[in-house]
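Listed below, chain by chain, are the residues.
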Amino acid sequence: MPAMPVQAISLLLHAFVGWRLAPALGSVVAGVALAVVLVVSALTLPFGLGARHAAAGRRGALLAWIGLVCMGLFSSLFVLAVARDLALLAGAAVDALRPGTIDVAALVTPSARATVIGALLATLWGFVNARRTARTVRVDVPIAGLPAALDGFTIAQVSDVHVGPTIKRPYVEAIVDTVNRLDVDLVAVTGDLVDGSVRELAEHVAPLAGLRAKVGVLFVTGNHEYYSGAAAWVSELRRLGLTVLLNEHTVVRRGDARLVVAGVTDFSAAHFDRAAASDPMAALAGSPAGAVRLLLAHQPRSAAAAEAAGFDLQLSGHTHGGQIWPWHYAVKLQQGGLLAGRYTFGATQLYVSRGTGYVGPAVRIGAPAEISRITLRCAG
């Protein structure tokens, strides 16, 4: 959508929230304070929406931070303001049917104050959730036909870090430290690592060179890599020692047992480069027959093609688990019902991470970040 219509819609929504809440707060000071916050939010929100391009220099970084924090606060204000209006309408309808049941007028000011306080608390809680290091989620995945030698094979999945305007080197270092303490066989970084160019962010991504795993560290591209210059990032990540799989595979050997670990380009890669179109079948070319097959694919929507290609398990991210309630309903709809956790597509299992960082506002509500420790088990 072009920038001007987005800004116009944003202004209208900010005006709606101000109209519904400011006069109802019962205090001139509180009403003016809310109006000032909404004006600041409306003016800085474009810097948040364009944070990848606005964060150069201290001034740009500050404006991006303010815009992104305001975006998170406004999201909560808008949702709660709409919920308040619906509740007041419902109360008025009940009172119309049974006069004297509910004094709606007496609820106007307390409900407006509760809305503003609730939005502030939700944003603060969401900010703390987003900025702290992701928790470790342990998942056992039983796989039919998994050789005994591979039973207990462990994978640390990192996804959707979004190094960029508000996620910098210290945040990445904390993730690396957490992953290394897990002492896994394989580390899989399933895309959307960055929101910016190599020139802007190489310093902040550099700690990934310190990731340790017995087999290696694998990476596949997400849609945000293509927004940020995928070819340059592929080269940079290879320089740091990561193995980048672009419709390719590697084979893990444990005695006579084989595990094929394939990786595909992002589901949308063909929109940026037709030659880079995601192709799970091509990723298996030359792989040993009869081996268990694991696919790393940024978007869950690759699962149908993964099933057709005969993969046993797909690891994905992309959705952030919705990141901010209640917008997860829209994310789930866009991803065909896939949001977070385990799913099955015929003989193919799918695990969708909620992501290890966040995108846009530094807020997570109802969708905590995760580093997934996945253990392969013999199905039994």
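Residues numbered from 1 in each chain as written. Predicted model: local features only at pLDDT ≥ 70, side-chain atom pairs only at ≥ 80, totals over all residues. Heavy atoms only, no water.

J.: With reference to specific residues and values, describe the overall build of the protein.
T.: Along the backbone of the protein there are twelve helices and twelve strands. Here the protein has a C-alpha radius of gyration of 23 Å; the compact-globule value for 380 residues is 21 Å, and the two agree. In terms of principal-axis extent, the alpha carbons of the protein reach across some 75 × 50 × 40 Å. When burial is assessed residue by residue, the protein has 52% of its 380 residues classed as buried. (Helix = DSSP H or I, 4+ residues; strand = E, 2+ residues; numbered from the N terminus. Rg over C-alpha atoms; globule rule 2.2 N^0.38 Å. Buried < 20%, exposed > 50% of the residue type's maximum accessible area, 1.4 Å probe, protein only.)

J.: So, helix α9 (residues 230–239): which residues are in play, and what are the values?
T.: Considered for burial, the residues of α9 that qualify are Ala-230, Trp-233, Val-234, Glu-236 and Leu-237. The arc that holds every buried residue of α9, seen down its axis, measures 170°, which confines them to one face. Along α9, the residues that are exposed and aim more than 90 degrees away from the buried face are Ala-231 and Arg-239. Tucked inside the fold, the buried residues of α9 contact α7 (198–205), β4 (216–219), α8 (223–227) and β5 (243–244). Looking at the residues trailing α9, positive phi occurs at Gly-241, about 105°. (Arc of directions from axis to C-beta. Contact = heavy atoms within 4.5 Å.)

J.: Can you explain the environment of Val-205? Please cite residues and give values.
T.: Within the fold, Val-205 resides in helix α7. Judged by relative accessible area, Val-205 falls into the buried class, the value being 1%. Distance in space between the C-alpha atoms of Val-205 and Ser-353 is 20 Å, their sequence separation being 148 residues. Sequence-distant contacts of Val-205, that is, excluding residues within four places in its chain, are made with Val-163, Leu-193, Val-194, Trp-233, Leu-237 and Leu-240.

J.: Kindly report on the side chain of Thr-375, identifying the contributing residues and their values.
T.: Mapping Thr-375 onto the fold places it in strand β12 (residues 370–378). Its relative accessible area of 5% is what places Thr-375 among the buried residues. Ignoring any residue separated from it by four or fewer positions in sequence, one finds Thr-375 in contact with Val-139, Asp-140, Val-141, Gly-152, Phe-153 and Thr-154.

J.: Account for the packing of α7 against α9, with residues named and values stated.
T.: Between two packed helices, both the angle of their axes relative to each other and the distance between the axes serve to describe the pair. Their axes nearest at 11 Å, the elements α7 and α9 cross at an angle of 25°. In terms of orientation, α7 lies roughly parallel with respect to α9. Handedness of the α7/α9 crossing: right-handed. Two secondary-structure elements touch here, α7 through Val-198, Leu-201, Ala-202 and Val-205 and α9 through Ala-232, Trp-233, Glu-236 and Leu-237. Among the residues making up the contact of α7 with α9, the classes are represented as seven nonpolar, no polar and one charged. (Axes fitted to C-alpha atoms, helices over the stretch in contact; angles between N-to-C directions. Parallel < 35°, antiparallel > 145°, perpendicular 65-115°, else oblique. Left-handed = near helix turned anticlockwise from the far one by under 90°. Nonpolar A, V, L, I, M, F, W, Y, C, P; charged D, E, K, R; others polar.)

J.: Before we move on, can you summarise the sheet that holds strand β3 (residues 186–189) with the specific residues and values?
T.: One open sheet holds the six strands; their spatial order is β1-β12-β2-β3-β4-β5, and the pairing between them is mixed. Strands at the two margins of the open sheet, each flanked by one partner only, are β1 (135–143) and β5. Where β4 lies against β5, two bridges are found, and the strand directions are parallel. By the bridge assignment, Leu-218 is partnered in β5 with Thr-243. (Pairing = 2+ DSSP bridges.)

J.: Provide a residue-level description of helix α5 (residues 104–131), including the pertinent values.
T.: The end-to-end C-alpha distance of α5, which contains 28 residues, comes to 39 Å, matching closely the 40 Å that a straight helix rising 1.5 Å per residue would cover. Approximately 30° is the largest bend angle found in α5, and it occurs at Pro-110. Those residues of α5 that fall on the buried side of the exposure criterion are Val-104, Ser-111, Ala-112, Thr-115, Val-116, Ala-119, Thr-123, Gly-126, Asn-129 and Ala-130. (Expected span 1.5 Å × (residues − 1). Bend = angle between axes of the 7 residues up to and from the residue.)

J.: Now, about unusual backbone geometry: what can you tell me, with residues and values included?
T.: That bond from Trp-325 to Pro-326 is cis: its omega, 5°, falls within 30 degrees of zero. With respect to the secondary-structure elements, Pro-326 resides in the loop between β9 (313–316) and α12 (328–334). At His-318, a position not held by glycine, the phi torsion is positive, near 80°. Secondary-structure assignment places His-318 in the loop between β9 and α12. Given the relative accessible area of 17%, His-318 is considered buried.

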